[in-house]
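Fold and geometry: a report
Chain residues, written in single-letter form:
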Amino acid sequence: MRVFIIETSNMAPELHGGLVGVEGSPNPTAVEKRECIETVSTYVMDGWAIAADPHTPIGWLAAFTAETACVPFVNLTRLAPAGPRPKPAPARVGG
């Protein structure tokens, strides 16, 4: 899993606490899923917004964690340029 910080000083006020992007493998292990939830939870407790592709397993976990914590979530697929995209692997439940 990769976590990256997105500069938000010139964005909407609700994003001024910071924006953290989350990206992971198409078939995350149970450890990677747990790491995602723990990492995202740490940032949302400090008021950071979360950005990810909710069509991927890790992105979905990040989105769900952000929603549960009532912090803003930015869907990265809506920011991507139009054009063909590789089809993501189906999300699997469990670990």
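Since this is a predicted model, take the numbers as computed values, not measurements. (Residues numbered from 1 in each chain as written. Predicted model: local features only at pLDDT ≥ 70, side-chain atom pairs only at ≥ 80, totals over all residues. Heavy atoms only, no water.)

The next thing to look at is the sheet that holds strand β4 (residues 73–75). Overall, mixed pairing links the four strands, which are arranged β1-β2-β3-β4 in an open sheet. Strands at the two margins of the open sheet, each flanked by one partner only, are β1 (2–6) and β4. Within this sheet the neighbouring strands show an average axis-to-axis angle of 25°, counted without direction. (Pairing = 2+ DSSP bridges. Helix = DSSP H or I, 4+ residues; strand = E, 2+ residues; numbered from the N terminus. Axes fitted to C-alpha atoms, helices over the stretch in contact; angles between N-to-C directions.)

Looking at the chain, the pLDDT average stands at 82 and 81% of residues meet or exceed 70. Taking the mean pLDDT of every element in the chain, the minimum, 84, falls on β1 and the maximum, 92, on helix α2 (residues 57–68). (pLDDT = per-residue confidence, 0-100.)

Right, let's get into the environment of Val44. Within the secondary structure, Val44 is located in helix α1 (residues 30–45). Distance from Val44 to Ala66, taken between C-alpha atoms, is 6.7 Å for residues 22 residues apart in sequence. Setting aside chain neighbours within four positions, we find Val44 in contact with Ile50, Ala66, Ala69 and Val71. (Contact = heavy atoms within 4.5 Å.)

So, on to unusual backbone geometry. A positive phi angle is found at Cys70, which is not glycine, with a value near 60°. Among the secondary structure elements, Cys70 is positioned in the loop between α2 and β4.

Next up on the list: the side chain of Glu32. Tracing the backbone through its elements, the reader meets Glu32 in helix α1. Of the side chains with opposite charge, Lys33 lies nearest to the buried Glu32, which makes no salt bridge, at 8.6 Å. Other than its neighbours up to four places away in sequence, Glu32 contacts Met1, Gly24, Ser25 and Ile58. (Buried < 20%, exposed > 50% of the residue type's maximum accessible area, 1.4 Å probe, protein only. Lys, Arg positive; Asp, Glu negative; His and termini not counted. Salt bridge = Lys/Arg side-chain N within 4 Å of Asp/Glu carboxyl O.)

For α1, spanning 16 residues, the distance from its first C-alpha to its last is 23 Å, which sits close to the expected 22 Å at 1.5 Å a residue. Looking at α1, one finds that the buried residues are Glu32, Lys33, Cys36, Val40 and Val44. One side of α1 carries all its buried residues, which in axial view fall inside an arc of 100°. Opposite its buried face, α1 presents the exposed residues Val31 and Met45, each directed more than 90 degrees away. (Expected span 1.5 Å × (residues − 1). Arc of directions from axis to C-beta.)

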